[in-house]
Structure formats: C-alpha cells, structure tokens
Amino acid sequence: DQLPRPAEDEVAFAGRSNVGKSSLLNALGGKRIGPTSTQGLAAVKNSPGVTRSINFYGSQRRGPRLIDLPGYGFAFADPDAVAAWQHTMREFILTRGAPLRVLLVMDARQSLRQSDREFLLLIDREARLPLYVVMNKCAQRARSVQPPETHPPNPHAPRLQVRPRRAGGARQAV
C-alpha cells in the first residue's frame, strides 16, 4: 500500500498493544469514547491488536496530521500477521523522517518492559526522531494501586494525568 506524502507536521501514536493509543488519539480529536467502542476516528476495543495498519487522520490545514500505529508486543492475532504489521510500523518510523514526532504511550499501571526498551532505542539511536512519553490510564492506576504515604506529596511537583475516556482531560494535557 502507498502511504501519503509527509505533512508539514505529523505526530505518531506508538506503544505496546492495548495501552490506549487509539483512545488517546480519539480524545485529542474530540471524539466520544465508550468502555469498549468509539464513535470517531480510530477503532477501540478492550483486546490487544485492533490497530493492524498505519492510519492517518487530519490535514495540514487544521494542526498536525495524527498517525495511529499498530502496537508492538502481544496481540490477539496470527503471529505471522503480528510480525508483518510490526515490521511495517518499524520501517515507517525509520524511513518517514522529519517532520514526524513520536508520542510513546505507556500504561501507567505497567512497568517498563524489554519491548519498550527496544522501541526507545529504535527512536533514539536509529530513527533519531523527537520522542514524547505519555503516561496513560492514570485514573485506573489511582484506583487499583494505593501506595502508603509516608510523607505529604510535593505540591510543586509537575503532574500530568491523561484520562482519554474524558476528552476534556486529554485536551488539557496537550
């Protein structure tokens, strides 16, 4: 398949499968997001591997072009198909060049994994693209993990939580 020519400004949403890349993209685009589906730009489900191709949204006239990339890591799909779409994602990142910026969406409830480290090295050492890390699913972390507080939190520490199911919260993060 042929890809569109690079726009003046492009932002790619990357990360492991099922971290909420498409949900975040939809929230930033002002689309309504439900628990298992979305009315809007990108398809969303509760199972990994929904995005299986590189999807482009928007035009140069109204801000950056948003690019929804397939996730890396586990997906409910044939292993050969997963390898093929992950290869396509990798090649896209390596060959697209400027003006592409990458938003690495991470699940705040999960620790850094080897696949994340490999992706970070790809961006930093091979593609040499601007990279921004977005911690997603912060509200779910707050409900599921309550560490004991040994001292009051620093009121001056910067905090950024993204709650893509509430589009307003995601737009405030940007």
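The shown structure was predicted, so the numbers you read here are calculated from the model rather than taken from an experiment.

In this section: the overall build of the protein chain. The helix and strand inventory of the protein chain stands at 5 helices and 7 strands. Sequence-ordered secondary structure for the protein chain, helices as α and strands as β, is β-α-β-β-β-β-α-β-α-β-α-α. Counting every position in the protein chain, which comprises 174 residues, the buried fraction comes to 38%. Put simply, 69% of the contacts in the protein chain that link residues at least 6 apart link residues at least 24 apart. Accessible area of the protein chain: about 10,700 Å², with a carbon and sulfur share of 50%.

The next thing to look at is the packing of aromatic side chains. Evaluated as defined, the whole model comprises 2 aromatic pairs. Ring geometry for Phe56 against Phe92: centres 6.0 Å apart, planes inclined by 75°, an arrangement best described as edge-to-face. Linking Phe56 in strand S4 (residues 55-57) with Phe92 in helix H2 (residues 79-96), this pair joins segments that are 36 residues apart in sequence. Judged by its relative accessible area of 21%, Phe56 is partly exposed. By relative accessible area, which is 3% here, Phe92 ends up buried.

Rules and cut-offs
Residues numbered from 1 in each chain as written. Predicted model: local features only at pLDDT ≥ 70, side-chain atom pairs only at ≥ 80, totals over all residues. Heavy atoms only, no water. Helix = DSSP H or I, 4+ residues; strand = E, 2+ residues; numbered from the N terminus. Buried < 20%, exposed > 50% of the residue type's maximum accessible area, 1.4 Å probe, protein only. Contact = heavy atoms within 4.5 Å. Areas by Shrake-Rupley, 256 points an atom, 1.4 Å probe, with all protein chains shown as cover. Phe/Tyr/Trp six-rings, centres within 6.5 Å; stacked < 30°, edge-to-face > 60°.

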